[in-house]
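# Reading the structure
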Amino acid sequence: MNNHHYTGLINKYRNRLPVDDKTRIISLNEGNTPLIQLKNLPNKLGWEHEIFCKFEGLNPTGSFKDRGMTMAVTKAVESGAQAIICASTGNTSAAAAAYAARAGIKSFVLIPEGKIALGKLSQAMMHGATVIQIKGNFDDGMRLVQELSSTMPLNLVNSINPYRLQGQKTIAFEVIEALGDAPDYHVMPVGNAGNISAHWIGYSESAGQQCGSCNLCAGQCAFKDDVISTKRPTLVGYQASGAAPFLRNEMVDSPETIATAIRIGHPVSWDLAWAAQKESTGWFEECTDEEILQAQKLLAESEGIFCEPASAITIAGLLKDVERGRYQKNSTIVCTLTGHGLKDPDTAIAQSEAPIVVEAKRDEIGAIISHHL
Ligand code: F0G
């Protein structure tokens, strides 16, 4: 095989991840996602920032979860596990199901009944997971999978599993490689708060600095000798107004938002995310469902990038905070677009104009085109 063939993030970054030569890597060639510079939106709005989107929707199962799942399932298999379990708002369950299929082990996923996007449900079902819909929300599911995995032969693959964060930290490596250094700001949605913690681990390691967030290496960062950036970015986390424990400074018992991926009120990585915010001198901000949907549509129509609502909160947040002057002038800003828009076709269709239905006649169609030209 050609040496340049990309075979996934564990192979690419194996000296910075907890694997050795004997480890059987479970991969779908995840990672290596495009960093796309926004052109039309900043032009239109007169923004003096360089804005890039790290489009994680182009991972094998359509979200950033694949970065963590390749690592978690690799380590589960290494430990002899025959089955994995997770609670999920959808994307984790899709990734868990796919990587379990790849590994040849069983997967069990707990999802909130009626509150996960159709594409994500179809993935978990298609990959052969045992899909258990609970009459409760993600936070209830999270509590249950922790209980179940402590008494049954199940490996827990939610981001409370530190190997998940190890895999997810690689997004920082890729951004630094693409830009030549860390950006000034890195912006992302926050739900269970594993991803913001993972970003901070990755950026800290890359700058040769210790991070308070790193609970796997207990402050012994993986590659102090392999520094690739001169600085760490300021991290900014956006939450949906109805599910914003970091804005309320307390857990939220009945989270609600159209962005079902981040419909979470009791984030597991609470302390890690606060550490990331404080150490990076960043901030949390909230956006309403209306702002999220408008931003999703705006990004899709103005740049050709279709991300899911939870991911679009980064653009909604920028629209608010750039206008307020919260970002320093002439900054480089990276947004993590966590999942693909195709994950949630119902929400996309509901907010778009319905297709025009006509007879299959040239003149009728021609008239419509003339009207719209
Ligand atoms: N964006 C998307 C598309 C997500 O699916 C999630 C989390 C997040 C953002 C938030 O990331 O939890 O690390 O703060 N989805 C999880 C799931 C909870 O079950 O798929 P986080």
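### A few points about the packing of helix H3 (residues 65-78) against helix H4 (residues 91-103)
At a closest axis distance of 9 Å, the pairing of H3 and H4 adopts a crossing angle of 45 degrees. Taken together, the axis directions place H3 and H4 in an arrangement best described as oblique. Helix-helix and strand crossings are classified by hand; for H3 and H4 the assignment is right-handed. Residues Lys65, Asp66, Met69, Thr70, Val73 and Val77 of H3 pack against Asn91, Thr92, Ala95, Ala96, Tyr99 and Ala103 of H4. For the contact of H3 with H4, the residue count by class is seven nonpolar, three polar and two charged.

### Brief notes about helix H11 (residues 270-279)
Burial runs high along H11: seven of the 10 residues are buried. Taken together, the buried positions of H11 are occupied by Trp270, Leu272, Ala273, Trp274, Ala275, Ala276 and Gln277. Tucked into the core, H11 has its buried residues touching helix H7 (162-168), helix H9 (194-206), strand S8 (234-240), helix H10 (245-248) and strand S9 (283-287). Looking one or two residues beyond H11, the residue adopting positive phi is Thr281, at roughly 50 degrees.

### Some words on the nonpolar core
Grouped together as the largest cluster of nonpolar side chains are 32 residues, with contacts concentrated most on Leu38, Val187, Tyr238, Ile315, Leu318 and Tyr327. For this core, the elements supplying multiple residues, two or more each, are strand S2 (50-55), strand S7 (185-189), S8, S9, helix H12 (289-303), helix H13 (309-323) and strand S10 (332-337). Counting residues per element, this core draws most heavily on H13, at seven residues. Leaving out residues up to four positions away in the same chain, Ile315 has contacts with Leu38, Leu41, Cys53, Ala295, Leu299 and Cys335. Counting 21 residues, the second-largest nonpolar core is a separate cluster that includes Ile84, Ala95, Ala97 and Ile105.

### Side note on a nonpolar patch on the surface
Residues Ile356, Val358, Ile365, Ile369 and Leu373 make up a contiguous nonpolar surface patch of roughly 500 Å² in combined accessible area. Within the secondary structure layout, Ile365 lies in helix H15 (residues 362-372). Residue Ile365 is classed as partly exposed on the basis of its relative accessible area of 37%.

### Brief notes about unusual backbone geometry
Phi at Asn249 is positive, roughly 60 degrees, even though this residue is not glycine. Inspection of the secondary structure assignment puts Asn249 in the loop between H10 and H11. By relative accessible area, Asn249 is classed as exposed at 53%. Of note in this structure, Thr281 is not a glycine but carries a positive phi near 50 degrees.

### Let's talk about the sheet that holds strand S3 (residues 83-87)
Taken in spatial order, the four strands of this open sheet run S5-S4-S3-S6, and their pairing is parallel. Looking at the sheet topology across the chains shown, the edges are occupied by strand S5 (130-134) and strand S6 (155-156). With five bridges joining them, strand S4 (residues 106-112) and S5 adopt parallel strand pairing. Following the sheet pairing, Val109 is matched in S5 by Val131.

### Focus: the pattern of salt bridges
For the coordinates displayed, the defined rule picks out 22 salt bridges. Across the salt bridge formed by Lys120 and Glu308, the nearest N and O atoms sit 2.7 Å from each other. Of this pair, Lys120 sits in helix H5 (residues 118-126) while Glu308 sits in the loop between H12 and H13, placing them 188 residues apart in sequence. For the salt bridge of Asp321 with Arg326, the shortest nitrogen-to-oxygen distance reads 3.4 Å. Residue Asp321 is classed as buried on the basis of its relative accessible area, which comes to 0%. Using a relative accessible area of 34% as the deciding quantity, one classes Arg326 as partly exposed. Counted as one network, the salt bridges with shared partners bring together Lys54, Glu56, Arg67 and Glu174.

Cut-offs applied
- Along each chain, residues carry numbers from 1 onward, in the same order as the chain's sequence is written.
- The predicted nature of this model means local features are confined to residues of pLDDT at least 70 and side-chain atom pairs, given and counted, to a pLDDT of 80 or more, with totals for whole chains, interfaces and linings taken over all residues.
- Side-chain measures were taken over the full set of non-hydrogen atoms in the model, leaving aside hydrogen atoms and water.
- Axis lines are fitted through C-alpha atoms, for helices just across the contact stretch, and the angle between N-to-C directions can take any value from 0 to 180 degrees.
- Strands are runs of DSSP state E lasting at least two residues, helices are runs of H or I lasting at least four, and both sets are numbered from the N terminus onward.
- Orientation labels follow simple angle bins: below 35 degrees gives roughly parallel, above 145 gives roughly antiparallel, 65 to 115 gives roughly perpendicular, and whatever is left gives oblique.
- Take the far helix as your reference; a near helix turned counterclockwise from it by less than a right angle gives a left-handed crossing, and one turned clockwise gives a right-handed crossing.
- Residues are treated as being in contact if the distance between any of their heavy atoms lies within 4.5 Å.
- When residues are grouped by polarity, Ala, Val, Leu, Ile, Met, Phe, Trp, Tyr, Cys and Pro land in nonpolar, Asp, Glu, Lys and Arg in charged, and all others, Gly among them, in polar.
- Burial classification: accessible surface area is computed with a 1.4 Å probe over protein chains only, and a residue below 20% of its type maximum counts as buried, one above 50% as exposed, and the rest as partly exposed.
- Nonpolar core, defined: a set of buried Ala, Val, Leu, Ile, Met, Phe, Trp, Tyr and Cys residues in which side-chain atoms within 4.5 Å join the residues together.
- What makes a patch is a set of residues exposed beyond 30% relative accessible area and free of salt bridges, joined within 9 Å when like-charged and within 5 Å when nonpolar (Val, Leu, Ile, Met, Phe, Trp, Tyr).
- Accessible surface is estimated by sampling points in the Shrake-Rupley manner with a 1.4 Å probe; for residues, cover comes only from the protein chains shown.
- The salt bridge criterion pairs a side-chain nitrogen of Lys or Arg with a carboxyl oxygen of Asp or Glu, the two atoms within 4 Å.
- By the convention used here, strands pair only if DSSP detects at least 2 bridges between them.

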